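# Close look at the chain arrangement
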Amino acid sequence: MSEPGSELIYHLTTRQAWTAALEAGAYHADSLAEQGFIHCSRADQVQRVANELYRDMADLVLLEIDSARLQEEVRWEPGADHPEEMFPHLYGALDPKAIIRILPLSLNAEGAFSIPLP
């Protein structure tokens, strides 16, 4: 899957943070204030990212984002932990209108995520 041509990108967050974003009208991840962008992934990166960074966390949701609906810029940049790999970074707040699906995530018996993406 090629990164710049992809239209669907993904972001992991807690159900509580997403609910607050809906009430506020926009989603602002902590990384937006701290780093200037919201970390996202391609479909083939999501499961690894979830298990590397969020393992054993409950109540996560996966936001499926149509990047064509975004008002803010998406830049494809090297990942901090995987500099050899390009990740989509959203440089601004996430508009809920860009969300196609919200997928609840659950942990398997080993405490890892199995992501329901093709």
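Look up a bit, the structure's there.
Anyway, here's the lowdown on the structure attached to this text. (Residues numbered from 1 in each chain as written. Predicted model: local features only at pLDDT ≥ 70, side-chain atom pairs only at ≥ 80, totals over all residues. Heavy atoms only, no water.)

### Description of the packing of aromatic side chains
The final tally for this structure, using the stated rule, is two aromatic pairs. Ring centres of Trp-18 and Tyr-27 lie 6.1 Å apart, and the angle between their planes is 55°; on these two criteria the pair is classed as tilted. Residue classification places Trp-18 among the buried residues on the basis of a relative accessible area of 5%. What makes Tyr-27 buried here is its relative accessible area of 6%. When the centroid spacing of 5.3 Å and the interplanar angle of 40° are considered together, the rings of Phe-37 and Tyr-91 count as tilted. Of this pair, Phe-37 sits in the loop between helix H2 (30-35) and strand E2 (38-39) while Tyr-91 sits in strand E5 (residues 86-91), and the two are 54 residues apart along the sequence. Note on Tyr-91: relative accessible area 21%, which makes it partly exposed. (Phe/Tyr/Trp six-rings, centres within 6.5 Å; stacked < 30°, edge-to-face > 60°. Buried < 20%, exposed > 50% of the residue type's maximum accessible area, 1.4 Å probe, protein only. Helix = DSSP H or I, 4+ residues; strand = E, 2+ residues; numbered from the N terminus.)

### Concerning helix H3 (residues 43-53)
Within H3 the residues assigned to the buried category are Ala-43, Gln-45, Val-46, Val-49, Ala-50 and Asn-51. Close packing links the buried residues of H3 with strand E1 (8-14), strand E3 (60-66) and E5. (Contact = heavy atoms within 4.5 Å.)

### A closer look at the environment of Gly-36
One can find Gly-36 in the loop between H2 and E2. Sequence separation between Gly-36 and Tyr-91 is 55 residues; the distance between their C-alpha atoms is 6.3 Å. The contacts of Gly-36, once residues within four sequence positions are left out, are Ser-31, Leu-90 and Tyr-91.

### Observations concerning the pattern of salt bridges
Evaluation of the coordinates by the stated rule reveals eight salt bridges. Between Arg-42 and Asp-44 there is a salt bridge; the shortest N-O distance is 2.8 Å. Its salt-bridge partner being Glu-64, residue Arg-101 comes within 2.8 Å of it at the nearest N-O pair. Of this pair, Arg-101 sits in strand E6 (residues 99-104) while Glu-64 sits in strand E3; the two residues are 37 residues apart in sequence, bridging distant segments of the chain. Overall, the relative accessible area of 5% leaves Glu-64 in the buried class. (Salt bridge = Lys/Arg side-chain N within 4 Å of Asp/Glu carboxyl O.)

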